[in-house]
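Given next are the chains, with one letter for each unit.
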Amino acid sequence: MRLFVLSILLSIAITPVCANARPRVTAAGVSGTPPVIVVGFLGGFVKHDNLVHSEVQLAARLRKEYPAGVDVEIYESYRGEKARQKIMGLLDTDHDGTLSVEEKQDARIILYGHSWGASESITLARQLKKKGIPVLLTIQVDSVSKIGQNDVVIPTNVAQAANFYQPSGIVHGKREIRPADPAYTRIIGNFRFDYNASPYSCSEYPWFDRLLAKHHTQIECDPKVWDQVESLIRSNIILADSPSEFRVN
């Protein structure tokens, strides 16, 4: 826990920021900057509105806490393209159907997910890189890659990344993520959790989760994990909305 608190403080202190939070002047006049964009992905085939799952509960808390200036979206693990289109639309503040260099630089994006959803968040970050769009933070919880995906190497458009995992059971997350280039991406940490000696506490989850992926489900419903995920997201929202003179480039 001490290591995680230190990581949070370092996150606030040295996160690279790629955009200024002041209005732009375009040909059509003054155009406001887009909101901070937080996108979460669920694991497996879980629906985006299933409130049993911690990812959905977190999105609901963030929406309540930040009714303006922050756009929070939650998607199924197979809806990465839908999430990408939503992000592109939010960044297109002059609504001309094309992202300018300035609109891309104004992006303040946070991605998180569990299991397949964690892998999807890194795939989405990689797609945004191809468009020249930066990402403030990615968070993976017991990340399980889909076929053809790479959830271990974090692309260079991501400023910071964190990995929470547990090593037990048939289904378990990646033990370590690493940056494609440490000059561009800081790995906050690879945080391990062990549930071998812990009683199963996810009573609202389906029976097949308890049977086939007990530990993988345990980390998804562990409030200690999601409190830390939420702290990281909140610290980056605060940083993204801070005056430019307090930011470190």
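Read on for a plain summary of the structure. Model, not experiment: these values are computed from the prediction. (Residues numbered from 1 in each chain as written. Predicted model: local features only at pLDDT ≥ 70, side-chain atom pairs only at ≥ 80, totals over all residues. Heavy atoms only, no water.)

### A look at the packing of aromatic side chains
Right, on to step 1. What the rule picks out here adds up to six aromatic pairs.
Right, on to step 2. Judged by centre distance (5.4 Å) and plane angle (80°), the ring pair of Phe45 and Trp116 falls under edge-to-face. Of this pair, Phe45 sits in the loop between strand E3 (36–41) and helix H2 (54–65) while Trp116 sits in helix H5 (residues 116–130); the two residues are 71 residues apart in sequence, bridging distant segments of the chain.
Right, on to step 3. Classification of Trp116 by relative accessible area gives partly exposed; the value is 29%.
Right, on to step 4. Taken together, the aromatic side chains of Phe45, Tyr78 and Trp116 make up a single cluster linked through ring pairs. (Phe/Tyr/Trp six-rings, centres within 6.5 Å; stacked < 30°, edge-to-face > 60°. Helix = DSSP H or I, 4+ residues; strand = E, 2+ residues; numbered from the N terminus. Buried < 20%, exposed > 50% of the residue type's maximum accessible area, 1.4 Å probe, protein only.)

### Here's the deal with a nonpolar patch on the surface
Right, on to step 1. A surface patch of nonpolar side chains, amounting to about 490 Å² of accessible area, comprises Trp207, Phe208, Leu211 and Leu212.
Right, on to step 2. With respect to the element layout, Leu211 can be found in helix H6 (residues 207–212). (Patch = residues over 30% accessible without salt bridge, like charges linked within 9 Å, V, L, I, M, F, W, Y side chains within 5 Å. Areas by Shrake-Rupley, 256 points an atom, 1.4 Å probe, with all protein chains shown as cover. Salt bridge = Lys/Arg side-chain N within 4 Å of Asp/Glu carboxyl O.)

### Section: the layout of surface pockets
Right, on to step 1. What the largest pocket holds in volume is close to 430 Å³.
Right, on to step 2. For the largest pocket, the lining is made up of 18 residues, of which Gly43, Gly44, Phe208, Asp209 and His216 are closest to its centre.
Right, on to step 3. At the level of secondary structure, the elements contributing two or more residues to the lining of the largest pocket comprise H6 and helix H7 (214–220).
Right, on to step 4. Of the residues that constitute the lining of the largest pocket, the class distribution is eight nonpolar, eight polar and two charged.
Right, on to step 5. Here the second largest pocket is characterised by a volume of approximately 210 Å³.
Right, on to step 6. Contributing to the lining of the second largest pocket are 14 residues, with Val52, Ser54, Gln57, Tyr205 and Cys221 lying nearest its centre. (1 Å grid on protein atoms, 1.4 Å probe; cavity = no way out; pocket = protein on both sides within 12 Å on 5 of 7 lines; lining within 4 Å. Points joined across faces, edges and corners; volume = space filled by probe spheres on them. Nonpolar A, V, L, I, M, F, W, Y, C, P; charged D, E, K, R; others polar.)

So, to be careful, I would describe these as geometric facts and stop short of saying anything about function.
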